[in-house]
Amino acid sequence: MTTILLATESVAEVAKSVADLGISLDTVWMLLAAMLVFFMQPGFALCEAGFTRSKNTANILFKNFVDFMVGSVLFWFVGFGFMFGSDGAGFIGKPNFGDLSFYSSDLPTEGFLIFETVFCATSATIVSGAMAERTKFSMYCVYSFFISLLIYPVEGHWTWGGGWLCNSDEGSFMMNTFGAVFHDFAGSAIVHSVGGVLALVGAIVLGPRHGKYDKNGKSHAIPGHNLMAAALGVFVLWFGWFGFNPGSQLAASGEVNRVAISHVFLTTNLAAVAGGLGTMFTSWIKYGKPSFSLTLNGILAGLVGITAGCDLVSPLGALIIGLICGIVLVFAIEFIDAKLHIDDPVGASSVHGVCGILGTLLTGLFALDSGALYGHGFGFFGAQLFGIICIDLWAAVMGFLLFWGINKIAGLRVDKRIEEEGLDIYEHGESCYN
């Protein structure tokens, strides 16, 4: 009898040890993914700097540091509570004031906080490119503060925080209305479309750079100073996306998780290459030559588009989503620039806004287990459409109030002389190149 008891205890200890090992592996995977997503910050910095003029390079690089520094403090102090507090109930969670004890899961809370922090910083960084070369640095710090403090955590609370858009309980609003909940695996809508919409609104309020449009409204290209830096930035972003998407599984142990992250790796990469190819051939046909700068953005368009449904779609579906996003990107950039006369130096509103929305909606069509194209009806597509409208309407309204308010109170834009001679010297007293 004693032998049986000892054997039983030994089996229980082994099982506990195996479970603990699994959680440790999942934690390491989550933190590794967080490192990769953090590494996207220099990717954004290089990409934005390369697509803009040399006289503003230090300013661009500085702003990318500010996004992460400000975002890290704010998200730890109150944003994490706004996003994950109140068990997803209500319009917004509760500020945690640096106290993380309200949140509990199998994974360490501090590790999960870091993982979510790098996503928050990414959303804020997207806005930088569209408002580059003419924004006061002090005012940039102000709006980066509010994006990290309020705009991102609220819509994050509705979705990843367990809120009403993702509430699958019987009798919930989404289940009663659509028979499905909103799905955004890694942030096509929650991170990218929000950043893209804020970028578009900010560029509208700020106005175009001097010399961008003539008196007849014709657009004139203002080339970036270093396509090599932009290309390196896209490579870095592509690499970081392998943390952004597969990392959102938040686990690597066990057959289900190892299969899931492998699938997401594949769909993420296929969408990226399809996006690049789609843009390359579209620009080749449309303009007579394949545009390298547009193709760089096409790769990002494919990555943004697949981020919502990378876990649900097939490899072929991922290829199609990336291709659609890459093709649409060319027309979106031209329409926003030439028709709407909105000056977006890096195409952030098209890459992240248009393609983030498009990818979210295409998930409703191409998801294997619930997509309309696989005979499952349009309930899930309806949930995706409703979710993206709510999320981006929130971003648009709050973004307009934020940028309009800043512009009225303190002014968003630098003086004409500063813009013409460069923000580096006037805003920071130093130049990136000497």
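That block above? That's the structure.
Residues numbered from 1 in each chain as written. Predicted model: local features only at pLDDT ≥ 70, side-chain atom pairs only at ≥ 80, totals over all residues. Heavy atoms only, no water.

A. The arrangement of the overall build of the protein in detail. For the protein, the helix and strand inventory stands at 15 helices and zero strands. Relative to the compact-globule value of 22 Å for 434 residues, the protein shows a C-alpha radius of gyration of 22 Å, a close match. Projected onto the principal axes, the alpha-carbon positions of the protein cover approximately 95 × 45 × 45 Å. With 434 residues in all, the protein has 56% of them scored as buried. (Helix = DSSP H or I, 4+ residues; strand = E, 2+ residues; numbered from the N terminus. Rg over C-alpha atoms; globule rule 2.2 N^0.38 Å. Buried < 20%, exposed > 50% of the residue type's maximum accessible area, 1.4 Å probe, protein only.)

B. How the structure looks around helix α8 (residues 227-244). With 18 residues, α8 should reach 26 Å at 1.5 Å per residue; the first-to-last C-alpha distance of 24 Å fits that figure. Counted residue by residue, α8 has 13 buried out of 18 residues, so it is predominantly covered. Of the residues flanking the start of α8, the one acting as N-cap is N226, its side-chain oxygen 3.0 Å from the backbone nitrogen of M228. (Expected span 1.5 Å × (residues − 1). Polar contact = N/O pair within 3.5 Å; in protein donor to acceptor, adjacent residues only side chain to side chain.)

C. A look at the packing of aromatic side chains. Using the criterion set out here, one finds 34 aromatic pairs in the structure. Relative to Y103, the ring of F80 has its centre 5.6 Å away and its plane inclined at 65 degrees; by these criteria the two rings are edge-to-face. One end of the pair, F80, is in helix α3 (residues 57-84); the other, Y103, is in the loop between α3 and α4 (109-130), with 23 residues separating them in the sequence. Summarising the aromatic geometry, the rings of Y143 and F403 are spaced 5.0 Å apart at their centres and angled 75 degrees between planes, so their arrangement reads as edge-to-face. (Phe/Tyr/Trp six-rings, centres within 6.5 Å; stacked < 30°, edge-to-face > 60°.)

D. Spatial organisation of the pattern of salt bridges. This structure, assessed with the given rule, holds eight salt bridges. Between D337 and K212 there is a salt bridge whose closest N-O contact spans 3.6 Å. In this pair, D337 is assigned in helix α11 (residues 315-339) and K212 in the loop between α7 (188-206) and α8, connecting sequence segments 125 residues apart. The residue E419 makes a salt bridge to R413 at a minimum N-O spacing of 2.9 Å. Each of R53, E133, R209 and D343 takes part in salt bridges that share partners, so that together they form one network. (Salt bridge = Lys/Arg side-chain N within 4 Å of Asp/Glu carboxyl O.)

E. Structural detail: empty space enclosed by the protein. Applying the stated criterion across every chain yields a total of one cavity of 30 Å³ or more. One number sums up the size of the largest cavity: a volume of about 110 Å³. Taken together, 13 residues line the largest cavity, and the ones lying closest to its centre are F44, E48, V346, A348 and H352. Elements represented by at least two residues in the lining of the largest cavity include exactly α2 (40-51), α4, α10 (292-306) and α12 (348-366). A per-class count over the lining of the largest cavity returns seven nonpolar, five polar and one charged. (1 Å grid on protein atoms, 1.4 Å probe; cavity = no way out; pocket = protein on both sides within 12 Å on 5 of 7 lines; lining within 4 Å. Points joined across faces, edges and corners; volume = space filled by probe spheres on them. Nonpolar A, V, L, I, M, F, W, Y, C, P; charged D, E, K, R; others polar.)

F. Structural detail: a nonpolar patch on the surface. A contiguous nonpolar surface patch, about 660 Å² in accessible area, is contributed by L385, I389, L393, V397, F400, L401 and W404. Along the chain, F400 falls in helix α13 (residues 379-409). (Patch = residues over 30% accessible without salt bridge, like charges linked within 9 Å, V, L, I, M, F, W, Y side chains within 5 Å. Areas by Shrake-Rupley, 256 points an atom, 1.4 Å probe, with all protein chains shown as cover.)

G. A look at unusual backbone geometry. Although it is not a glycine, L250 sits at a positive phi angle of roughly 60 degrees. Looking at where L250 falls in the secondary structure, it is placed in the loop between α8 and α9 (254-287). Of the residues examined, L250 reaches a relative accessible area of 22% and is grouped as partly exposed. Although it is not a glycine, H341 sits at a positive phi angle of roughly 60 degrees. By the element assignment, H341 lies in the loop between α11 and α12.

H. Region of interest: the environment of N226. For N226, the location among the structural elements is in the loop between α7 and α8. N226 gets classed as partly exposed once you look at its relative accessible area, which sits at 22%. Put simply, N226 and L46 are 180 residues apart on the chain and 9.3 Å apart in space, counted from C-alpha to C-alpha. Of note is the side chain of N226, whose polar atom sits 3.0 Å from the backbone nitrogen of M228.

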